[in-house]
Amino acid sequence: MIDGRQSWSFGDSPGLADELLALVLMGEKTATCGALRDYIADGTPIPTIGRQDVVLDGAARPAAIIEYTEVTQRRFDDVPEDFALAEGEGDYAQWRAGHIAYFERNGGWSPTLELICERIRVIEVLPR
């Protein structure tokens, strides 16, 4: 926690954290998602609209403050294409393939995997 805000990084490696953070800072990534099971297992509070968090870079340094503008829960196979495209990681097929691989590496994937889908905006870019 930093300044009373949750802090976290994207992805599951320093390289992926930096890659996804760069997309956010360029304005290409305005959405993200995570498996509901991971929030429950870690005891991490599910984001709420208006909450602000600190996003860390791959070296665990604070890089940006983001705000949640939309939070929904849906099954993997019910994620709409416009949301997948807002994640900024390629077309819909690339989004599916990348996220299936990610979830497989991190506890398993299924078409019915419950996700927390979040739309975000950058409030502040922090000096690093």
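Before any of the text, the structure's been laid out above.
The following paragraphs examine the structure supplied in this document.

Rules behind the numbers
Residues numbered from 1 in each chain as written. Predicted model: local features only at pLDDT ≥ 70, side-chain atom pairs only at ≥ 80, totals over all residues. Heavy atoms only, no water. Helix = DSSP H or I, 4+ residues; strand = E, 2+ residues; numbered from the N terminus. Expected span 1.5 Å × (residues − 1). Buried < 20%, exposed > 50% of the residue type's maximum accessible area, 1.4 Å probe, protein only. Arc of directions from axis to C-beta. Contact = heavy atoms within 4.5 Å. Core = buried A, V, L, I, M, F, W, Y, C linked by side-chain atoms within 4.5 Å.

**Thoughts on helix α1 (residues 14-25)**
Given 3.6 residues per helical turn, the α-helix brings residues three or four places apart onto the same face.
Consideration 1: Its twelve residues give α1 an end-to-end C-alpha distance of 16 Å, which sits within 8% of 16 Å, the value for a rise of 1.5 Å per residue.
Consideration 2: Listing the buried residues of α1 in full gives Ala17, Leu20, Leu21, Leu23 and Val24. Viewed end-on, α1 has its buried residues packed into an arc of 155°, placing them on one side of the element.
Consideration 3: In this structure, the buried residues of α1 make contact with β3 (52-56), β4 (62-75) and β5 (114-125).
Consideration 4: Two residues or fewer past α1, glycine 27 is found with a positive phi of approximately 85°.

**Description of the environment of arginine 96**
Consideration 1: Inspection of the secondary structure puts arginine 96 in helix α4 (residues 92-105).
Consideration 2: Accessibility expressed as a relative area gives 23% for arginine 96, which makes it partly exposed.
Consideration 3: A C-alpha to C-alpha distance of 8.1 Å links arginine 96 and alanine 84, two positions twelve residues apart in sequence.
Consideration 4: Those residues in contact with arginine 96 that sit more than four places away from it in its chain are Phe76, Asp77 and Trp109.

**Here's the deal with the environment of valine 125**
Consideration 1: Along the polypeptide, valine 125 turns up in strand β5.
Consideration 2: On the basis of relative accessible area, valine 125 is assigned to the exposed category, the value being 52%.
Consideration 3: For the pair valine 125 and glutamate 28, spaced 97 residues apart in sequence, the C-alpha separation works out to 15 Å.
Consideration 4: Aside from chain neighbours lying at most four places away, what touches valine 125 is Leu25, Ala63 and Ala64.

**Structural notes on the nonpolar core**
Consideration 1: Membership of the largest hydrophobic core comes to 13 residues, with the highest contact counts inside it found for Cys33, Phe103 and Leu115.
Consideration 2: Going through the elements one at a time, β2 (31-35), α3 (81-86), α4 and β5 are the ones with two or more residues in this core.
Consideration 3: What cysteine 33 contacts, discounting residues up to four positions off in sequence, is Phe83, Glu87, Trp95, His99, Phe103, Leu115, Ile116 and Cys117.
Consideration 4: By size, the runner-up hydrophobic cluster in this structure holds eleven residues, among which are Phe10, Val24, Ala63 and Ile66.

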